Amino acid sequence: MSALAALKMVKVPPNSASVGEARKRTLEFFKMACRSLPSVMEIYNLDDVVTVSHLRSAISAQIRKNAHINNPKVIDLLLFKATEELSNIVTHSKQRHHVIGQYVLGHEGLMQDMGTKDEGISEFLKQFYTSNYF
Amino acid sequence: MATVSAASVRFASLKPASRSNQANGVTSGVMFVTIGTSKLGFPSLRSSRFRVHCAAKPETVNKVIDIVKKQLALSDDTSLTPESKFSSLGADSLDTVEIVMCLEEEFDISVDEDNSQNITTVQEAADLIEKLVLQKAEAD
């Protein structure tokens, strides 16, 4: 049901009149995304990799990254792309490694097998990727 | 007098009206019970807000508080009373929606659009959850 609703919105609704309406649409999109999360978990077999709350916070982090924008047309376009992404995921047009790489793993996620090779490494090198100052 | 208090409960949206309800004490609580759900038979203890149909169970309130703490990443010693508003805890509108979604998932209910607009404090969330859980149990 959420996939059908998502596809319906891809038909470009008229522009939001104000930031308030754009905000309402964003929250509506967020609710729709959250409600489709259980089916996403089932489609991609993510049950032993991540929880629904983790995915939910990943989605809200992405929304929050653009929270400073004031132009309703820009917000509409961002919502359009977000809906497109959501419908791609829900209709299984993406694959498991896409979903895991984009929404489950954080910035250090791909480098997590540090293991025994890096045990004697210096503090400087450990924080090399994060910042200059520590 | 009883009908007047019921009418004022339904339509008034000002705090002074609810305070006059509080003056009626147990009577208004009993009115709440007959209007709303009849399974939970205790009168409303938190009658300072007119929207409350019946007091939410403490374990529900505690669960809501736990979820709110986890979502907003608050430390364990911040005191969360049922009356604390989400915005005073540093939550913006997206955080509020996220908390509502988390509660939806936790209690397996689904909150409508117009219901979710009104949730500003922990107590309101707990009451709404109770109501929806009861409705769901009746519908099944």
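Residues numbered from 1 in each chain as written. Chains lettered and ligands numbered in written order. Predicted model: local features only at pLDDT ≥ 70, side-chain atom pairs only at ≥ 80, totals over all residues. Heavy atoms only, no water.

Draft legend 1. Spotlight on the overall build of chain A. When helices and strands are counted, chain A shows six helices and zero strands. Across chain A, helices and strands are ordered from the amino to the carboxyl terminus as α-α-α-α-α-α. For chain A, buried positions account for 33% of its 134 residues. A separation threshold of at least 6 residues defines the contact pool for chain A, and within that pool the share at least 24 residues apart is 68%. Accessible surface for chain A amounts to roughly 9,200 Å². Of this, 58% is attributable to carbon and sulfur atoms. (Helix = DSSP H or I, 4+ residues; strand = E, 2+ residues; numbered from the N terminus. Buried < 20%, exposed > 50% of the residue type's maximum accessible area, 1.4 Å probe, protein only. Contact = heavy atoms within 4.5 Å. Areas by Shrake-Rupley, 256 points an atom, 1.4 Å probe, with all protein chains shown as cover.)

Draft legend 2. Layout of the nonpolar core. One finds A:Phe30, A:Leu46 and A:Leu55 to be the most contacted residues of the largest nonpolar core, which totals 30 residues. If you list the elements that add at least two residues to this core, you get α2 (19-44), α3 (52-65), α4 (72-90) and α5 (96-104) of chain A together with α5 (93-107) of chain B. By residue number, the principal contributor to this core is α2(A), which donates eleven residues. Other than its neighbours up to four places away in sequence, A:Phe30 contacts A:Arg56, A:Ile59, A:Ser60, A:Ile63, B:Leu94, B:Val97, B:Glu98 and B:Met101. Counting 23 residues, the second-largest nonpolar core is a separate cluster that includes B:Val61, B:Phe86, B:Val122 and B:Leu128. (Core = buried A, V, L, I, M, F, W, Y, C linked by side-chain atoms within 4.5 Å.)

Draft legend 3. Structural detail: the interface of chain B and chain A. With 14 residues of chain B in contact, the opposing surface of chain A contributes 13 residues. Together chain B and chain A conceal approximately 1,300 Å² of surface at their shared face, both sides included; 53% is due to carbon and sulfur atoms. Counting the surface chain B buries against chain A, the share from its top three residues, B:Leu94, B:Glu98 and B:Met101, is 44%. Counting across the interface, chain B meets chain A through five salt bridges. As a salt-bridge pair, B:Glu104 and A:Arg35 come within 2.6 Å of each other at their nearest N and O atoms. Of all the secondary structure elements, the ones that give two or more residues to the side of chain B that touches chain A are α5 and α6 (113-117) of chain B. (Buried area = accessible area lost by both parts, 1.4 Å probe. Salt bridge = Lys/Arg side-chain N within 4 Å of Asp/Glu carboxyl O.)

Draft legend 4. Fine view of the confidence of the model for chain A. Confidence in the prediction of chain A, expressed as mean pLDDT, is 82, and 81% of residues score 70 or more. In the model of chain A, helix α1 (residues 2-9) of chain A stands out as the element of lowest mean pLDDT, 53, in contrast to α4(A), which has the highest, 92. (pLDDT = per-residue confidence, 0-100.)

Draft legend 5. Up close: the packing of α2(A) against α3(A). All names here are of chain A. Where α2 contacts α3, the axes come no closer than 10 Å and their chain directions differ by 150 degrees. In terms of orientation, α2 and α3 fall into the roughly antiparallel class. Handedness of the crossing formed by α2 with α3: right-handed. Facing α2, whose interface residues are Thr-26, Phe-30, Ala-33, Cys-34, Leu-37 and Met-41, α3 presents Val-52, Leu-55, Arg-56, Ile-59, Ser-60 and Ile-63. A class-by-class count of the residues in the contact of α2 with α3 yields nine nonpolar, two polar and one charged. (Axes fitted to C-alpha atoms, helices over the stretch in contact; angles between N-to-C directions. Parallel < 35°, antiparallel > 145°, perpendicular 65-115°, else oblique. Left-handed = near helix turned anticlockwise from the far one by under 90°. Nonpolar A, V, L, I, M, F, W, Y, C, P; charged D, E, K, R; others polar.)

Draft legend 6. Representation of the pattern of salt bridges in the model. Taken as a whole, this structure holds nine salt bridges over all chains when the rule is applied. Note that B:Lys136 and B:Asp108 form a salt bridge whose closest N and O atoms lie 3.4 Å from each other. With B:Lys136 in helix α7 (residues 122-139) and B:Asp108 in the loop between α5 and α6, this pair connects stretches of sequence that are 28 residues apart. Beyond isolated ion pairs, a larger network of salt bridges with shared partners links A:Arg64, B:Asp92, B:Asp95 and B:Glu98.

Draft legend 7. Geometry of the packing of aromatic side chains. All names here are of chain A. Scanning the model with the defined rule gives two aromatic pairs over all chains in all. Where Phe-124 meets Phe-128, the ring centres are 5.9 Å apart and the plane angle is 70 degrees; that geometry is what we call edge-to-face. Overall, Phe-124 belongs to the partly exposed group, its relative accessible area being 48%. Look at Phe-128 and Tyr-129: their rings are 6.3 Å apart centre to centre, the planes differ by 70 degrees, and that puts the pair in the edge-to-face class. Its relative accessible area of 52% is what places Phe-128 among the exposed residues. (Phe/Tyr/Trp six-rings, centres within 6.5 Å; stacked < 30°, edge-to-face > 60°.)

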